[in-house]
Amino acid sequence: MSLFLAFLGVSFIVLATPGPDTAITIRNTLLGGRMAGVFTALGISSGQTIWALATSAGIVALLVASEPLFFAVKYAGAAYLAYLGFKALQEALRPLHRQDTATAARPARRLTAASAYRQGLISDLGNPKMAVFFASLLPQFVPPGGESFSALLGLGAVFAVMTFTWLALYATVVAKAGDFLRRPSIRRAIEGVTGMVLIGLGIRIATEHR
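If you check an unreviewed UniProt entry, the protein appears there as LysE family translocator from Mesorhizobium montanum. Regarding the protein, the relevant UniProt record gives this comment under Subcellular location (unreviewed entry): "Cell membrane".

Structure (structure tokens):
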């Protein structure tokens, strides 16, 4: 129980630190409303569940040990974050039309739930930090002599549920403030900041060492 409580504490600190998952969830909530934000969170937590399963089966250890595979995931994930960032910047720099003001008070629906889920899933699976995180952190909280596969999978599932709950809360808060945040000037500013953050995170992932 003490190991599990320690795991919950460390997990909360990790979740409370803003990163690509938070940025994508906020952006998608602004684009598609609360539902898109929740499905983005679901995609991210689904990716984490896959990472947890791969960690339990020993696949992540092979990925981390294999430099070509690790860098392939690393650069693919960095490129996808940069792609989403450029899309956000493109939206921020798009000329403002009259209909933007007319529709500002209505929830945006330019992003479907399926697209939001896909973006969250790909973003998480393309983040090599998740592989290192699961491979290095989870084993520390497995009780001595315990069944490693089920224990690792269980801890990973708990982390995924915590992630979904945290990001869904983000989506709910952003959606509640939607009328204000969807004002053309505010939304464009948020798109610009989010775009730069995603591009910066992509560059950092691509350039940093393991």
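Here the narrative resumes.
Asks: Just to check I follow, could you spell out the environment of Ala206 for this structure?
Replies: Counting through the fold element by element, Ala206 comes out in helix H10 (residues 184-207). Residue contacts for Ala206: discarding those within four places in its chain leaves Lys74, Tyr75 and Ala78.

Asks: For this particular structure, what's the right way to read the UniProt feature "transmembrane region" (unreviewed entry) in the protein?
Replies: When the UniProt feature table is mapped onto this chain numbering, "transmembrane region" (unreviewed entry) sits at residues 39-62 and 149-169. Across residues 39-62 one finds 92% helix and 0% strand; the C-alpha atoms that close the span lie 30 Å apart.

Asks: Looking at this model, I keep getting lost on the side chain of Asn28. Mind explaining?
Replies: Locating Asn28 in the fold gives a position in helix H2 (residues 20-56). On the basis of relative accessibility, which here comes to 0%, the residue Asn28 falls in the buried class. At a separation of 2.9 Å, a polar atom in the side chain of Asn28 contacts the side chain of Thr40. If we ignore the near neighbours within four places in the chain, the residues touching Asn28 are Gly33, Ala36, Gly37, Thr40, Leu111, Ala116 and Gln119.

Asks: Explanation requested: helix H1 (residues 2-16) in the structure shown.
Replies: Its 15 residues place the ends of H1 21 Å apart at the C-alpha level, agreeing with the 21 Å of an ideal helix rising 1.5 Å per residue. Looking at the buried positions of H1, the neighbouring elements they touch are helix H8 (148-176).

Asks: Looking at this structure, how should I read the nonpolar core?
Replies: As a rule of thumb, nonpolar side chains are buried together in soluble globular proteins. Judged by nonpolar contacts, the single largest core of 18 residues is most densely connected at Phe134 and Phe159. The element best represented in this core is helix H7 (residues 128-137), accounting for 5 residues. Here Phe159 is in contact with Phe7, Ser11, Val14, Leu15, Gln48, Met130, Phe133 and Phe134, once residues within four sequence places are set aside. By size, the runner-up hydrophobic cluster in this structure holds 9 residues, among which are Ala23, Leu84, Leu198 and Leu201.

What counts as what
Residues numbered from 1 in each chain as written. Predicted model: local features only at pLDDT ≥ 70, side-chain atom pairs only at ≥ 80, totals over all residues. Heavy atoms only, no water. UniProt positions renumbered as here; feature names shortened; annotations may be inferred. Helix = DSSP H or I, 4+ residues; strand = E, 2+ residues; numbered from the N terminus. Contact = heavy atoms within 4.5 Å. Buried < 20%, exposed > 50% of the residue type's maximum accessible area, 1.4 Å probe, protein only. Polar contact = N/O pair within 3.5 Å; in protein donor to acceptor, adjacent residues only side chain to side chain. Expected span 1.5 Å × (residues − 1). Core = buried A, V, L, I, M, F, W, Y, C linked by side-chain atoms within 4.5 Å.

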